[in-house]
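# Reading the structure
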Amino acid sequence: MLHGTNGRAGQKLRRSLRKALKSGAAICYAPDIMKDHDRDYFERRAAEAREKACHKGGGRDSRVAGHLALAYAALARAKADSEKTSEDA
């Protein structure tokens, strides 16, 4: 099961992701989650979401999982960049 996709927390996450995708600035909507987790966490979550998105006949759930996979992959890249920047400083 993909964490954060059900219930109130999942609704909040999806709403934030939709806003971020519309504005083109997904990273600015997730500052708390960025500081609490490392790059590996986001890569694992992206892999989980990709796995769920690949199920045939999943309909809307598969599409949402696909969007989450893209968002988590972007967060993993951003976290890797921020970790690299902090190491360089």
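Described in the following lines is the structure provided in the data block. Throughout, residues of each chain are indexed from 1 in the direction in which the sequence is written. With pLDDT at 70 or above as the cut-off, local features in this predicted model cover only qualifying residues; side-chain atom pairs require 80 or more to be listed or tallied, and sums for whole chains, interfaces and linings still use all residues. Side-chain metrics in this entry use all non-hydrogen atoms of the structure; hydrogen atoms and water are not considered.

Turning our attention to helix H4 (residues 60-88). Only DSSP runs of H or I covering at least 4 residues are called helices, and only runs of E covering at least 2 are called strands; the numbering of each starts at the N terminus. In this analysis, the expected span of each helix is defined as 1.5 Å times one less than the number of residues it contains. Under the 1.5 Å per step criterion, the end-to-end length of H4 is 42 Å for 29 residues, consistent within 8% with the ideal 42 Å. Each residue is assigned to one of three classes by its accessible area relative to the maximum for its type, calculated with a 1.4 Å probe on protein chains only: buried under 20%, partly exposed between the two thresholds, exposed over 50%. Among all positions of H4, only Ser-62, Val-64, Ala-65, Leu-68, Ala-69, Ala-71, Tyr-72, Ala-73, Leu-75, Ala-76, Ala-78 and Lys-79 are buried.

A pair of Phe, Tyr and Trp rings is counted when the ring centres sit within 6.5 Å of each other, with Trp represented by its six-membered ring. The angle between the planes then sorts it: under 30 degrees is stacked, over 60 is edge-to-face, the rest tilted. For the coordinates displayed, the defined rule picks out two aromatic pairs. Ring geometry for Tyr-41 versus Phe-42: centroids 5.2 Å apart, planes at 75°, classification edge-to-face. An identical accessibility class is assigned to Tyr-41 and Phe-42; each is buried. An aromatic cluster of three or more residues is present, and its members are Tyr-41, Phe-42 and Tyr-72.

The next subject is the side chain of Ser-62. Tracing the backbone through its elements, the reader meets Ser-62 in helix H4. With relative accessibility at 10%, the residue Ser-62 sits in the buried group. The contact criterion used is simple: two residues touch if any of their non-hydrogen atoms lie within 4.5 Å. Those residues in contact with Ser-62 that sit more than four places away from it in its chain are Lys-52, Ala-53 and His-55.

A separate point is the environment of Glu-83. With respect to the helices and strands, Glu-83 occurs in helix H4. Residue class for Glu-83 comes out partly exposed when judged on its relative accessible area of 26%. As for Glu-83 and Asp-38, which are separated by 45 residues in sequence, their C-alpha atoms are 8.6 Å apart. With residues near it in sequence (within four places) discarded, Glu-83 still touches Asp-38 and Arg-39.

Think of a salt bridge as a Lys or Arg side-chain nitrogen and an Asp or Glu carboxyl oxygen that are within 4 Å of each other. This model, assessed by the stated rule, comprises three salt bridges. A salt bridge links Arg-39 to Glu-43; its shortest N-O distance comes to 2.9 Å. Of this pair, Arg-39 and Glu-43 both sit in helix H3 (residues 39-53), separated by four residues, roughly a single helical turn. Overall, the relative accessible area of 30% leaves Arg-39 in the partly exposed class.

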